[in-house]
Amino acid sequence: MGLSDKRGYLGLGGESALTKRERFARFPWSLFLLLLVLASVGFVVLFSAIGGWENVHLLWRQIARFGMGVVLMFGLSLLGGEKLYRRYAYLFYALSLLLLIAVFVFGTIGMGARRWLSFGGFLLQPSELMKVALVLALARYYHDRTASMRQDSGGLGVPLLLIAVPAAFIINQPDLGTAIMVISIGVTVMVVAGLSWNLIIGSMVILGASIPMAWNFLYDYQRQRITTLFFPEQDPLGAGYHIIQSKIAIGSGGVLGKGFMAGSQNRLEFLPERHTDFIFSVLAEEWGFLGGCALLLIYAMVIVRTLIIATQANDRFGVLVVVGMTAFFAFQVLVNIGMVIGLLPVVGIPLPFISYGGSSMLTLMMAMGLLSHVSVYSKQHGRSV
Amino acid sequence: MLDDEHARFQVDVQRRLWVVGGGLFGAFSILGGRLFYLQVMKGGEYRNLAEDNRISLQPISALRGRILDRNGYVLVENRPDFSLAVVPELTESFAELIERLQPIINLSQSQIDSLYKRLQSQRSFLPLQIKSKLTWQEVSRIEAQIHSLAGVTIQAKSVRYYSQGVSAAHLLGYIGEVSERDKQRFPAIHFRSGDFVGKSGMERQFEVQLRGREGVREMEVNATGRQIRQLRERSPRPGDDLHLTIDLGLQQIAEKSLAGKAGAVVVLDPRNGKVLAMASQPSYDPNKFIQGFSDKEWNALISDPDRPLGNKAIQGQYPPGSTFKIIVALAAMSEGKMDASERYYCPGHIIREEHKFYCWRRKGHGQVGLVQALAQSCDVFFYKLAEQVGIDAIERQARRLGLGDISHIGINGEKPGLVPSRSWKRAMQGVVWYPGETLITAIGQGYLLSTPLQLANMMAAIANGGTVYKPSLVDLGDDELPEVLQWGHINPNHLELLREGLREVVHGRLGTASRYQPDRVKAAGKTGTSQVVRHKREESGEIIKSENDRHKDHALYITYAPASPTKEPKLAISIVVEHGGHGSSAAAPIAKELIDYFFSRTENGGDGIIGPIG
């Protein structure tokens, strides 16, 4: 290994200069292909969920969003400069936080909550942006700290603050789901960055013990969602309706499903929010256990592929960015499906690349672009995959 | 040093990534396992739930069977009831539409208010009922412009209609909304709430046959209940028509002749026990049970002392009076205590144990045989006969002719009457039977009770030679053999002697019913007068005039015709007129009317049919 190589490898020297052509060639095409498959599955399911040709304009809009997302992913991943995102990480975080505060001050109220900022008709959801910004900021922080500082428990203060401040604003919107998401992503980054195992296990114990206390801080509707999760039949036409109808849809799909466009629960509008948060039940009803497992498998493949990128990252910043983005993607899948199949309370988390909706699609593509950028500049690129 | 640190970091990161990856793998496995549980293990269960979700079963009611008389005249049928409904979402403006309909249907302000209230609470794709029971005029005026009234529909519902009004009301019964008790009574029928079910009479007895089977339409519906399309339909099977043995003409004569009185008439065919008429007065209009009574009407109905709702033909229990002498005569003959030559002297009364037993004719009948005693209804003759025969033989004979037990005619509420015996009295009153009570029983008083149906059936047995048929109300065709309660075993000589006496009642010079001989055939009969409770007095000691009427005796008459030895009897009749006074004057004329009507109809060719009257 030559000196220049070594300097580049350690992320200490000048940035490795890769030509546009080289960067293009190093783009993680297999990951992109998986995302393309995922999005295509999404279009098929969405077509059924919106009721076919009658509402096909929704499908066109979703495809257009995916197109914008692809441009975003390619743009972010192919931009030159290995240190580019590390350099602007804090700035990006600060901007996102400002937007969150702006929502707090003059956000648009929709469905009983204040989550959106309106830019001349275009709705922006800063809490989505925050997920990405937080990952970048945490990665930058840990990248800059030395090993000894990282092991120091006093070094916990800044990361916890980085997580807690936006989380507090999001809880206030109120959007408990997204807040928990932001916290989970941040904590995952901290764990991989080197949080001592004692601390991890210790806080898990404390967390477990404090759940009963947290109960008191929840809003009534949030408590109700949790009780309905375990006893949906108590309120079949009210809070339990979503879960019951969703379970009926999924269960009645059986092994092979009822076939494309043939799900009665979906067709007859028994499923609420079937083209957004509950779209997985449409897929499971029409494509059955096999279809559901196939989707889970594609998601798992995406995760495996991104974790491989993490192992190939040049520096700590790269590793943590990839881990954070992967956590973002994976948690979203787990929470959404867990909710739809009745394992988790109903929170408004969309299913990555399948649910109808712009904010989620664009932020996810942004995350994929940023982690691909890590892959593009990886020295070990192509060694294993 | 940096190398070192980075290498350590690399190793540590690898380990931590494995932990993260492992955690995610675990989480995905849980999702997969849950999917397996829901879709593979519980798939069938959820599939059923999904089917229930999407299919709404709509009942299509079956047309209830009609009830007809023996000649095919309709007694009970169904009539369409038209109602106006509007599907709000199909109208351009609901308020405007109502305004346009208003000149035709004339809704009151409160009706309009309730209409708008219901409009708020009901889904707009479901028809909203505006007005029911439309007249023909209203229907035709709406139909004439229905093309310009978007969203308006005329719905037809079938409603039970008792075509003959009050006629045979007790027999036919009526229908009403199903109750818990009805559900227990008909466990095989699947009722839905609001269904109608037979509440009494034939409507109840033949509920299963009349009801038919409801059809069903399987509609696919969405989550809001809107119908998407029809999946399947099973047509309803209409109920069977019920053909009664009733002859509407006879029934109407019977009712007309009882009009304004309280009482009952039963006409049987003695050859098979078929009921040709069964009238009970006063009556009621069963259509009121369908349309609903006003409070006033209902109170009047249930507080009427003549109990219009009760069927006196089977529920009225009257002392048989002198009609019971038939039983005493038969008992005496079969015990060998009486023959054609036997005579008794009637001085107007007899004295037994310091108690005077009077004949109704205080002057007495002089020397009388069985024939004269029957014809003139001599009480003393039968006192003496009963002394010879004893209560045990009388009781046996009464039971042999169907008294003292229900006939299983198949209408709810049939009463058994009462034939007293020594053992009955000991069990009921703890006292032995006194000889004087045998005397009272001989003239049909005392403990004896009988229903008009039992008396008619007793007379039918005398007419047909002694067989007591189970009275039937439903015409099952001529192939069906009549059911028999008691086979005839009366000695023909005894029977002929008895019949001669009964013919003398009508055709003899001194017969008690001789003023009411039928025009076309001979008849045999027996009059009776049954004592109502001993006259009660008001505390003042005076009897109010109308009260006095209530204490008049019941008039009874039983008869059969034709009664000449060469002809087979075709009618057996019993008539009870409550508080009518004497059987001869109040009841016998009704019998004459019935017999004359029947035989004027059949004279020109066997059982030729002439339509019912009026």
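What you see is a predicted model, and the numbers here were worked out from it, not measured in a lab.

Colleague: Now, about the overall build of chain B: what can you tell me, with residues and values included?
Modeller: Tallying secondary structure elements over chain B gives 24 helices and 21 strands in all. Residue burial in chain B is summarised as follows: out of 614 residues, 50% are buried. Restricting to contacts in chain B with at least 6 residues of sequence separation, those with at least 24 account for 70%. Accessible area of chain B: about 29500 Å², with a carbon and sulfur share of 50%.

Colleague: Account for the interface of chain A and chain B, with residues named and values stated.
Modeller: Taken together, the 60 residues of chain A in the interface contact 39 residues of chain B. With both chains or domains summed, chain A and chain B bury close to 4100 Å², and 70% of this area falls on carbon and sulfur atoms. Taken together, the connections running from chain A to chain B amount to zero salt bridges. Between chain A and chain B we count seven residue pairs in polar contact (both at pLDDT 80 or more) in total. Counting residues per element, the ones that place at least two in the side of chain A that touches chain B are helix H1 (3–10), helix H7 (147–151), helix H9 (176–193), helix H10 (197–215), helix H12 (241–253), helix H13 (264–267), helix H14 (279–311) and helix H15 (316–340) of chain A. Ranked by residues supplied to the side of chain A that touches chain B, first place goes to H14(A) with 13 residues. A class-by-class count of the residues in the side of chain A that touches chain B yields 36 nonpolar, 17 polar and seven charged.

Colleague: Can you break down the packing of aromatic side chains residue by residue, with the values?
Modeller: In the structure shown here, the tally under the stated rule is 30 aromatic pairs over all chains. Aromatic side chains A:Phe32 and A:Phe74 sit 5.1 Å apart centroid to centroid with 70° between the ring planes, which places their arrangement in the edge-to-face category. In this pair, A:Phe32 is assigned in helix H3 (residues 29–49) and A:Phe74 in helix H4 (residues 56–78), connecting sequence segments 42 residues apart. With a relative accessible area of 11%, A:Phe32 lands in the buried category. The exposure class assigned to A:Phe74 is buried, which follows from its relative accessible area of 17%. On the numbers, 5.2 Å between centres and 75° between planes, the contact of B:Phe381 with B:Phe382 is edge-to-face. B:Phe381 gets classed as buried once you look at its relative accessible area, which sits at 0%.

Colleague: Please provide a residue-by-residue account of the packing of helix H6 (residues 126–144) of chain A against helix H8 (residues 157–172) of chain A, values included.
Modeller: Between two packed helices, what matters for the description is the angle formed by their axes and the separation of those axes. Residue and element names in this part refer to chain A. Two elements in contact, H6 and H8, have axes whose closest approach is 10 Å; the angle formed by their N-to-C orientations is 170°. Considered as vectors, H6 and H8 are oriented roughly antiparallel to each other. On H8, the residues that touch Ser-127, Met-130, Leu-134, Ala-137, Leu-138, Tyr-141 and Tyr-142 of H6 are Val-158, Pro-159, Leu-162, Ile-163, Pro-166 and Ile-170. Taken together, the residues that form the contact of H6 with H8 break down as twelve nonpolar, one polar and no charged.

Colleague: Residues and numbers for the pairing of strand E19 (residues 524–530) of chain B, please.
Modeller: Residues and elements named next belong to chain B. Across the seven residues of E19, six count as buried, placing the element largely inside the fold. As paired elements, E19 and strand E20 (residues 554–561) share seven bridges and run antiparallel to each other. By the bridge assignment for E20, Thr-529 is matched with Ala-555.

Colleague: Could you give me a rundown of the sheet that holds E20(B), with the residues and numbers involved?
Modeller: Strand pairs in the sheet, formed through backbone hydrogen bonds, run parallel or antiparallel to each other. Residue and element names in this part refer to chain B. Overall, antiparallel pairing links the five strands, which are arranged E12-E11-E21-E20-E19 in an open sheet. Whereas interior strands pair on both sides, the edge strands pair on one side only; in this sheet they are strand E12 (274–281) and E19. Direction aside, neighbouring strands of the sheet carry axes that sit 5° apart on average. Examined bridge by bridge, E20 and strand E21 (residues 571–577) share seven bridges and lie antiparallel to one another. Its bridge partner lying in E21, Leu-556 is registered against Val-576.

Colleague: I'd like to hear about the nonpolar core, residue by residue, with values.
Modeller: By size, the foremost hydrophobic cluster in this structure holds 127 residues, and its most contacted members are A:Leu35, A:Leu38, A:Phe280, A:Tyr299, A:Phe329, A:Phe353 and A:Met368. Top contributing element to this core by residue count: H15(A), with 18 residues. Sequence-distant contacts of A:Leu38, defined by excluding residues within four places in its chain, comprise A:Leu295, A:Ile298, A:Tyr299, A:Val302, A:Phe329, A:Phe353 and A:Ile354. The next biggest cluster of nonpolar side chains, apart from the first, holds 93 residues, and it includes B:Ile246, B:Leu248, B:Tyr344 and B:Ala461.

Colleague: An account of helix H20 (residues 452–464) of chain B is requested, with residue identities and associated values reported.
Modeller: The terminal C-alpha atoms of H20(B) lie 18 Å apart, and with 13 residues this matches the ideal 18 Å at 1.5 Å per residue to within 8%. Taken residue by residue, H20(B) has B:Pro452, B:Leu453, B:Gln454, B:Leu455, B:Ala456, B:Asn457, B:Met458, B:Met459, B:Ala460, B:Ala461, B:Ile462 and B:Ala463 as its buried positions.

Colleague: Before we move on, could you go through the side chain of B:Ser280 and cite the residues and values that matter?
Modeller: All names here are of chain B. Within the fold, Ser-280 resides in strand E12. A distance of 3.4 Å separates a polar atom in the side chain of Ser-280 from the backbone oxygen of Gly-310. Only 2.9 Å separates the side chain of Ser-280 from the backbone nitrogen of Lys-312, close enough to count as a polar contact. Once residues lying within four places of it in the same chain are set aside, the contact partners of Ser-280 are His-170, Gly-263, Ala-264, Gly-310, Asn-311, Lys-312 and Ala-313.

Colleague: Can you lay out the pattern of salt bridges for me, pointing to particular residues and giving the numbers?
Modeller: Residue and element names in this part refer to chain B. Tallied over the entire structure, the rule returns 32 salt bridges over all chains. A salt bridge links Arg-64 to Glu-203; the nearest nitrogen and oxygen atoms lie 3.0 Å apart. With Arg-64 in the loop between strand E1 (55–60) and strand E2 (67–68) and Glu-203 in helix H8 (residues 201–205), the pair connects residues that are 139 residues apart, well separated along the chain. The class of Arg-64 is buried, set by a relative accessible area of 11%. With a closest N to O distance of 2.6 Å, Asp-182 and Lys-199 form a salt bridge.

Colleague: An account of the side chain of A:Thr188 is needed here, citing residue identities and associated values.
Modeller: Position of A:Thr188 relative to the elements: it lies in helix H9. Residue classification places A:Thr188 among the buried residues on the basis of a relative accessible area of 11%. Setting aside residues up to four positions removed in sequence, A:Thr188 forms contacts with A:Val323, A:Ala327, A:Phe331 and B:Val20.

Colleague: Explain the confidence of the model for chain A to me, using residue names and the numbers behind them.
Modeller: Looking at chain A as a whole, the pLDDT averages 84, with 84% of positions reaching at least 70. The model gives residues 1–14 of chain A a pLDDT under 50, and that stretch makes 19 contacts with residues more than four places away or in other chains.

Colleague: With reference to specific residues and values, describe a nonpolar patch on the surface.
Modeller: Side chains of A:Tyr88, A:Leu91, A:Leu95, A:Leu98, A:Ile101, A:Phe104, A:Val105 and A:Phe106 sit close together on the surface and give an oily, nonpolar patch of about 830 Å² of accessible area. In this structure, A:Leu98 sits in helix H5 (residues 84–106).

Colleague: Can you explain the environment of B:Ser280? Please cite residues and give values.
Modeller: You can call B:Ser280 buried: its relative accessible area is 4%. Along the backbone, B:Ser280 and B:Ser167 are 113 residues apart, and their C-alpha atoms lie at a distance of 9.2 Å.

Colleague: Report on unusual backbone geometry, specifying residues and quantitative values.
Modeller: Residues and elements named next belong to chain B. Of note, the bond from Gln-281 into Pro-282 is cis; its omega dihedral lies within 30 degrees of zero at -5°. Mapping Pro-282 onto the fold places it in the loop between E12 and helix H11 (287–291). Between Ala-561 and Pro-562 the backbone carries a cis peptide bond, its omega angle lying at -10°. Mapped onto the fold, Pro-562 is located in the loop between E20 and E21. The backbone phi angle of Arg-307 is positive, close to 45°, even though this residue is not glycine. Among the structural elements, Arg-307 can be located in the loop between helix H12 (295–303) and helix H13 (312–315).

Procedures and definitions
Residues numbered from 1 in each chain as written. Chains lettered and ligands numbered in written order. Predicted model: local features only at pLDDT ≥ 70, side-chain atom pairs only at ≥ 80, totals over all residues. Heavy atoms only, no water. Helix = DSSP H or I, 4+ residues; strand = E, 2+ residues; numbered from the N terminus. Buried < 20%, exposed > 50% of the residue type's maximum accessible area, 1.4 Å probe, protein only. Contact = heavy atoms within 4.5 Å. Areas by Shrake-Rupley, 256 points an atom, 1.4 Å probe, with all protein chains shown as cover. Buried area = accessible area lost by both parts, 1.4 Å probe. Salt bridge = Lys/Arg side-chain N within 4 Å of Asp/Glu carboxyl O. Polar contact = N/O pair within 3.5 Å; in protein donor to acceptor, adjacent residues only side chain to side chain. Nonpolar A, V, L, I, M, F, W, Y, C, P; charged D, E, K, R; others polar. Phe/Tyr/Trp six-rings, centres within 6.5 Å; stacked < 30°, edge-to-face > 60°. Axes fitted to C-alpha atoms, helices over the stretch in contact; angles between N-to-C directions. Parallel < 35°, antiparallel > 145°, perpendicular 65-115°, else oblique. Pairing = 2+ DSSP bridges. Core = buried A, V, L, I, M, F, W, Y, C linked by side-chain atoms within 4.5 Å. Expected span 1.5 Å × (residues − 1). pLDDT = per-residue confidence, 0-100. Patch = residues over 30% accessible without salt bridge, like charges linked within 9 Å, V, L, I, M, F, W, Y side chains within 5 Å.

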